[in-house]
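# Coordinate inspection notes
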Amino acid sequence: MPAWLADLYAILDATLRLSTPLILCAMAGLFSERSGIVDISLEGKMLAGAFAAGSVAALTGSAWLALLAAIAVSMCLALVHGFACITHRGNQVVSGLAINILASGLTVVVGIAMFSRGGQTPSLASEQRFLPVDIPGVDALASVPVFGHFISAVINGHNILVYLALLSVFCTWWLVYRTRFGLRLRAVGENPLAVDTAGLSVSGLRYRALMICGALCGIAGAYLAIAQNASFVREMTAGQGYIALAALIFGKWRPVPALFACLMFGFLDAIAIRLQGVELPGIGEVPVQLIQALPYVLTVVLLAGFIGRAVAPKAIGTPFVKER
Amino acid sequence: MVQSEQKVSSTHSSTSSSQFAIELRNISKSFGAVHANQNIDLQVERGTIHGIVGENGAGKSTLMSILYGFYQADSGSIHINGNHIQINSSREAIDAGIGMVHQHFMLVDTFSVLENVMLGAEEHSLLKHSAIDARKELQRLSDTYQLSVNPDSLVENLQVGEQQRTEILKALYRKAEILILDEPTGVLTPQEADQLFAVLQALKEQGVTVILITHKLREIMDITDTVSVLRQGQMVSHLNTADTSMQALAELMVGRKLDTQNHQRVDALPSETPNRIEVFDLCLRNAAGQYRLDHINLNVKSGEIVGVAGVAGNGQSALLEVLAGIVPPESGRFIINGREVSVSDPVDPRQMRQMRVNHVPEDRLKLGLVKAFTAAESSVLGYLHQDKFSWRGLLQLSSIKAMCRRLMDSFDVRPGNPNLKSASFSGGNQQKLILARELDKKPEVLLVGQPTRGVDIGAIELIHQKIVDMRDEGCAILLVSVELDEILALSDRIVVMFEGRIVAEVTGSEADKTTLGLMMANAHERAA
Amino acid sequence: MNTSNITLPAWLDIVIIPLLNIALALLCAGFILLLIGVNPVEAVGIMLNGAFGYDEGVGYTLYYTTNFIFTGLAVAVAFHANLFNIGGEGQAYIAGLGAALVFLAFDSSLPALILIPFGILASALFGALWAFIPGFLQAYRGSHVVITTIMFNFIASALMVYLLVNILIKPGQMSPETRYFEVTTWLPKMHEFVALFGYNITKTPLNLSFFLALLCCVLVWIYIWRTRWGYELRTAGFSETAALYAGIQPKRVVVITMCLSGALAGGVAVNEIMGVNHRLIMNFPAGYGFTGIAVSLMGRNHPVGIIMASLLFGVLYQGGAELAFEIPLITRELVVAIQGLIILFCGALALMLRPLVVRAYLVFRPVTGGHA
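Computed from a prediction, not measured in an experiment: that's the story for all the values here.

## A word on the overall build of chain C
From N to C terminus, chain C includes 16 helices and zero strands. At 22 Å, chain C has a C-alpha radius of gyration in line with the 21 Å of a compact globule built from 372 residues. Counting only C-alpha atoms, chain C reaches 75 × 55 × 40 Å along its principal axes. Across the 372 residues in chain C, those meeting the buried criterion constitute 57%. Here the analysis covers contacts within chain C between residues at least 6 apart in sequence; of these, 75% occur between residues at least 24 apart. Accessible area for chain C stands at about 15300 Å²; split by element, carbon and sulfur atoms hold 70% of it. Separation between the mean location of the 16 positive side-chain charges and that of the 15 negative ones in chain C comes to 15 Å.

## Topic: helix α13 (residues 288-298) of chain C
All names here are of chain C. Counting buried positions along α13 yields 10 of 11 residues, so the element is predominantly enclosed. Here α13 has its buried residues at Tyr288, Gly289, Thr291, Gly292, Ile293, Ala294, Val295, Ser296, Leu297 and Met298. Within two residues after α13, Arg300 carries a phi angle of roughly 50°, on the positive side.

## Some details on the interface of chain A and chain C
Taken together, the 40 residues of chain A in the interface contact 39 residues of chain C. Ranking the residues of chain A by area buried against chain C places Ile101, Val109 and Gln289 of chain A at the top, with a combined share of 16%. Linking chain A with chain C are one salt bridge. Salt-bridge contacts for Arg234 of chain A lead to Glu333 of chain C; the nearest nitrogen and oxygen are separated by 2.9 Å. Every element with two or more residues in the side of chain A that touches chain C is listed here: α3 (63-87), α4 (92-115), α11 (240-250) and α13 (288-303) of chain A. Per element, the largest residue contribution to the side of chain A that touches chain C is 14 residues, and it comes from α4 of chain A. Considered class by class, the residues forming the side of chain A that touches chain C number 27 nonpolar, 10 polar and three charged.

## A look at a nonpolar patch on the surface
All names here are of chain A. A contiguous nonpolar patch, built from Leu164, Leu167, Phe170 and Trp174 and spanning about 380 Å² of accessible area, is present on the exposed surface. Here Trp174 is to be found in helix α7 (residues 160-178). Given a relative accessible area of 36%, Trp174 falls into the partly exposed group.

## Looking at the sheet that holds strand β20 (residues 476-480) of chain B
All names here are of chain B. Pairing within the open sheet is mixed, and its six strands lie in the order β16-β19-β20-β13-β21-β22. For this open sheet the edge positions go to β16 (357-360) and β22 (501-507), each flanked by a neighbour on one side alone. Between one strand and the next, the sheet's axes are offset by a mean angle of 15°, whatever the strand orientation. Across the sheet, helix α15 (residues 427-439) lies against β16 and β19 (445-449), angled at about 175° from β16, the strand it touches most.

## Concerning unusual backbone geometry
The phi angle of most residues is negative, glycine excepted, and most peptide bonds adopt the trans form. All names here are of chain B. In this structure, the amide linkage connecting Arg414 to the following residue, Pro415, adopts the cis form with an omega of -10°. Although it is not a glycine, Asn81 adopts a positive phi angle of roughly 50°. On the secondary structure map, Asn81 appears in the loop between β4 (75-80) and β5 (83-85). Taking relative accessible area as the criterion, Asn81 reaches 24% and is therefore assigned partly exposed. In this model, Arg356 sits at a positive phi of 60°, which is unusual for a non-glycine residue. Checked against the element boundaries, Arg356 lands in the loop between α11 (349-354) and β16.

## A look at empty space enclosed by the protein
For the structure on display, the rule yields four cavities of 30 Å³ or more. Estimates place the volume of the largest cavity at around 110 Å³. As for the largest cavity, its lining consists of 13 residues, of which Thr197 of chain A together with Tyr68, Met100, Lys170 and Arg174 of chain B are closest to the centre. Taken together, the elements giving at least two residues each to the lining of the largest cavity come down to β6 (98-101) and α6 (160-173) of chain B. Its volume calculated, the second largest cavity comes out at about 70 Å³. Looking at the second largest cavity, the residues that line it are Gly161, Gln164, Arg165, Ile168, Leu188, Glu192, Gln195, Leu196 and Val199 of chain B. Taken together, the elements giving at least two residues each to the lining of the second largest cavity come down to α6 and α7 (190-205) of chain B. For the lining of the second largest cavity, the residue count by class is four nonpolar, three polar and two charged.

## A few points about the interface of chain B and chain A
Taken residue by residue, the interface counts 28 residues in chain B and 23 residues in chain A. Note on chain B versus chain A: buried area summed over both sides is about 2200 Å², and carbon and sulfur give 58% of it. A per-residue breakdown of the area chain B buries against chain A is headed by Phe70, Met106 and Leu127 of chain B, which together make up 25% of the total. Here chain B is connected to chain A by three salt bridges.

## Section: the packing of aromatic side chains
The description of two aromatic rings rests on the distance between their centres and on the angle between their planes. Taken as a whole and assessed by the stated rule, the structure comprises 28 aromatic pairs over all chains. Aromatic pair Phe373 of chain B and Phe238 of chain C: ring centres 5.7 Å apart, planes at 90°, arrangement edge-to-face. Within this pair, whereas Phe373 of chain B is found in the loop between α12 (364-368) and α13 (375-378), its partner Phe238 of chain C is found in helix α9 (residues 228-238), the two belonging to separate chains. For Phe373 of chain B, a relative accessible area of 0% translates into the label buried. Arranged with centres 5.3 Å apart and planes meeting at 75°, the rings of Phe193 of chain C and Phe197 of chain C form a pair that is edge-to-face. By relative accessible area, which is 25% here, Phe193 of chain C ends up partly exposed. Members of the aromatic cluster, connected to one another through ring pairs, are Tyr60, Tyr63, Tyr64, Phe68, Tyr288, Phe313 and Tyr317 of chain C. The ring of Tyr291 of chain B carries Arg285 of chain B above its face, with NZ or CZ at 5.4 Å from the centroid. One Lys or Arg, Arg353 of chain B, reaches over the ring of Tyr383 of chain B and ends 5.3 Å from the middle of that ring.

## Overview of the sheet that holds strand β11 (residues 275-285) of chain B
Residues and elements named next belong to chain B. Read across the sheet, four strands follow the order β12-β11-β14-β15 without closing on themselves; strand pairing throughout is antiparallel. A strand with exactly one partner marks an edge of an open sheet, and here the two such strands are β12 (291-301) and β15 (339-342). Between one strand axis and the next, the sheet turns by 15° as a mean value, whatever way the strands run. As judged from the five bridges shared by β11 and strand β14 (residues 331-336), these two strands associate in the antiparallel manner.

## Side note on the side chain of Ser77 of chain B
Residue and element names in this part refer to chain B. Mapped onto the elements of the fold, Ser77 is located in strand β4. The class of Ser77 is buried, set by a relative accessible area of 10%. Of the polar contacts made by the side chain of Ser77, one reaches the side chain of His79; its length is 2.9 Å. Setting aside residues no more than four positions away along its own chain, Ser77 makes contact with Glu23, Leu24, Arg25, Ile27 and His84.

## Quick look at the pairing of strand β9 (residues 226-231) of chain B
All names here are of chain B. As paired elements, strand β3 (residues 49-53) and β9 share four bridges and run parallel to each other. Residue pairing across strands places Ile52 opposite Ser228, the latter belonging to β9. Hairpin remark: β9 followed by strand β10 (residues 234-240), antiparallel, with two residues in the connecting loop; positive phi at Gln232, about 45°.

## Considerations on the side chain of Thr48 of chain B
Residue and element names in this part refer to chain B. Topologically, Thr48 is positioned in the loop between β2 (34-45) and β3. Judged by its relative accessible area of 14%, Thr48 is buried. Among the polar contacts made by the side chain of Thr48, one reaches the main-chain carbonyl oxygen of Glu45 at a distance of 2.7 Å. In this view, Thr48 contacts Lys204, Val208, Thr209, Val210 and Asp225; residues no more than four positions away in its chain are not counted.

## With respect to the packing of helix α1 (residues 3-34) of chain A against helix α12 (residues 255-275) of chain A
All names here are of chain A. Running from amino to carboxyl end, α1 crosses α12 at an angle of 135°, the nearest separation of the two axes being 6 Å. One element, α1, and the other, α12, form an angle in the oblique class. As α1 packs across α12, the resulting crossing turns out to be right-handed. Class assignment of the residues belonging to the contact of α1 with α12 gives a composition of 21 nonpolar, three polar and three charged.

Thresholds applied
Residues numbered from 1 in each chain as written. Chains lettered and ligands numbered in written order. Predicted model: local features only at pLDDT ≥ 70, side-chain atom pairs only at ≥ 80, totals over all residues. Heavy atoms only, no water. Helix = DSSP H or I, 4+ residues; strand = E, 2+ residues; numbered from the N terminus. Rg over C-alpha atoms; globule rule 2.2 N^0.38 Å. Buried < 20%, exposed > 50% of the residue type's maximum accessible area, 1.4 Å probe, protein only. Contact = heavy atoms within 4.5 Å. Areas by Shrake-Rupley, 256 points an atom, 1.4 Å probe, with all protein chains shown as cover. Lys, Arg positive; Asp, Glu negative; His and termini not counted. Charge placed at Lys NZ, Arg CZ, Asp CG, Glu CD. Buried area = accessible area lost by both parts, 1.4 Å probe. Salt bridge = Lys/Arg side-chain N within 4 Å of Asp/Glu carboxyl O. Nonpolar A, V, L, I, M, F, W, Y, C, P; charged D, E, K, R; others polar. Patch = residues over 30% accessible without salt bridge, like charges linked within 9 Å, V, L, I, M, F, W, Y side chains within 5 Å. Pairing = 2+ DSSP bridges. Axes fitted to C-alpha atoms, helices over the stretch in contact; angles between N-to-C directions. 1 Å grid on protein atoms, 1.4 Å probe; cavity = no way out; pocket = protein on both sides within 12 Å on 5 of 7 lines; lining within 4 Å. Points joined across faces, edges and corners; volume = space filled by probe spheres on them. Phe/Tyr/Trp six-rings, centres within 6.5 Å; stacked < 30°, edge-to-face > 60°. Lys NZ or Arg CZ within 6 Å of the ring centre and 35° of its normal. Polar contact = N/O pair within 3.5 Å; in protein donor to acceptor, adjacent residues only side chain to side chain. Parallel < 35°, antiparallel > 145°, perpendicular 65-115°, else oblique. Left-handed = near helix turned anticlockwise from the far one by under 90°.

Scope: geometric values only; no functional claims are made or implied.
Take a look at the structure:
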């Protein structure tokens, strides 16, 4: 295998790893926003989930229990979001922000109280984490020239949550476009009054969407703490929840385009790490920060309508008031 | 309690269940001090078309909302096929066999007709299976009732009439036996309205009970079997349509003989009287490309009131907004108080006011004032650039308040307190404050929309008199109103708007309500 | 019962309900303390003592308060125009760049008396610029200011890291920060200032920007409630259609208001860069921009409320630092958590208690007399 191809494969491999939390959060956000609830609290839910996973893994030694804990904690926060935005018709952005800030503070406060490690959870042994798995039969493919190399170098050898993230895209697509629940979900984000007069509960649908959103954010958090890394570190989400939100917007609130946006942003992240301190011939050193800022810049440019148009679900951001 | 009542009514129903599809007993609903519905009784026989008429604000919408589970009645009972039922939600209304076609359609624009029809009534958890069944049923319904809509079209690409048919299909798909339509023809072209009536007739023949809520008497006469009249929250009459007339219904609706004072000029304007408004081929289109103003030509002289009659939504609002400078015209031009305005040379509302062109907007809550502002703050909306209200940018609160007090006195606004929030005044007093604000500036051109909407009867005469006084001082007045009585009482000349065009023009003295009504429906042209 | 359209006396809506919300938030915070094994009463005692018990504590409290006033005002001004500026953090950061550039360029050539106003202006200008773009994009390109300002926070952060690491860094050092400004051009500290009048207080970071913050409160109050532009801002914020009717251009209001908001957020740079750090450092806004949202929500978007809310957060920050020092189980992130709770209860759940209060009011109204 030529060196450049190995390099490319390494970058693509990293892309997949770095995109995983983005993909999970983008799908999470898709459920929430398609139901008409703005969710800037992907970040906070993921962070809380990561903390829960890190602590439970450290305490029980079980990665699966940790995953469940992450999902549960993240869903609780989603419930708070729903309680504020659906039941009490609060401002959805304010509520999301509150959850982000609360998660950012509480994870450290509780972390220190529990483990006294400056907000970090204890390092996990490998059996307490989700480890890379081999896809059965991949060895047989390894000798096939291009395709086999690609599979074994890029697709194979990730932990199970990476594959779960990819699966979540398919599930999201199927749920949203192929099921009764999906039809109602899309309807409630476009015209809640139509849903209400069709005899359905707007609140019920939105709560359900937020619960799915919470679960997916929890998985993303668990991935960060017990799959990609071996412990929870304070602020370990580092804005990835917001990047996922950007990817969701970039994908125009659709699962597959959002997946590609996540992969693109993950790819940017992967080459940013790769290019650190590297002199490119003819260009010089590309500032890492520029590449890191690209997702945000691209999203701003997209939203400003300079490349295509991102039209949000029509009812997004407005609480549903039944009385006329 | 409810249980026992149910039993009573069901035994009682053994005699009546064959007769009435829907029966309301003693329904009352109030909002604070406002009695929206008071002791409403209603009986509608199965397989008939029943009309409910009433003016704006008579309580029609509240009654609808009670029937469809948006509100619960404070007292009274609802009986469907003789069974006493509670309707606490849309779901329960649907289950009781009630279908409703709302004035503003309850459709998801980005969905296909099929998806909209299925929504909430999908049999299977997988769309594929539900869609197969729904498509079949939709085909059957279309065939039975001549309700043809392409099931795969997106709603946002449909004509209004097709959207309405989708709504009816939605109700029928849910096995509605009672179909309620709220002002169904308000948004339809006459051709579409005719199609709708044919559908309703077909529904009736299949045994569906139809309730038609409208304020258009012609429709009542044309299509209903029986009719009830709502006035100020009360059912004042139940009649067989065949036994009544439009005139009689109109009098029942309004509650008094129509004897509004007539304010038209007695003397003709001298022929050399200058035009203060001249409009040439003015056009404006909405986002969908439909004409809101379609080559309007119009003039208003000094000392003249020109009334613009028409069913709401036929371009009157757009005309006011363009002339007031809020919306720039798309093509064409107009000369207002000597200043020519065109696409390339627009004038904003502030300049309009400086040119003594004042505007009393149709929608006082959205345009005319700011609900969260105090009355004093609202009383300078649009005039703050005057030095006496803001000197070098600093608000002159004392003169603003003094001004507000003066306005309140001149129009008897109650309570006369400039420090109260605008929202806490009644609709009529808000309207008087806005009128006072605009008339006080001694305009040379006055654009007025719905000057007495929601105003109590005593104040109507005061407002009319003030407008007429302005006219007599030489002001040119363009009056938009959906109240024909108002148009007739004030206008020296009347133009009728229909679908963005001016379809007729008559002098005030030769106009009468019937011919105007026909013109507004553009019926005289179709007949010809 | 639908209580949303029942009017309550102003004091209930403006004073009692917000106070109840704050009480709920603090109650939750107390519960968290209990959960991690700290006695809340003892903690409150330590915090209050840390914040007010001695003049150094007071100085620190007011130093934090200064930042919160600036960012709180920034959020509030935007709120009045129905804009939600989440970008205070980034705007303050970029404002720091403006101040630093002015000082790095002229600190050896211009006297402090000229340079300081110049620096304040540059902070305001750079903060305004960073808010102008989202404002402009919302007004003329239809992208929502909430999302754009979030994105601009990250872009600002990346930009500043790049500039500090690659360009502005003082040659020959490792940590990414600029050189110190000339000592003579530093914004005077409060202890230096009061010394002029013969008073002697402990040296703290509190500096003259505190007065600038208070001045901004007065100016913002005048601007919003006593000028034509403020009237136009509020009109556009309450009702875009009414603004158009009145001949006000809502788009212009959006742009101007965002600029103003960004300029106010720039005040943080005056305090931090010109008053305390005397050089441009990484991440100096340290979350003050986000706290501004809590401050504004708590203070009901009114300067007086904002001063009180800022003071409360000043106490929380300074008292929290003291608490972290006294009780090792506690860190300053506790304050962040409390901040989250306050945003939740005073912002997102602001209307939660209203139905209860309305019911209580309807029960007790006959007793308290019929002035309603």
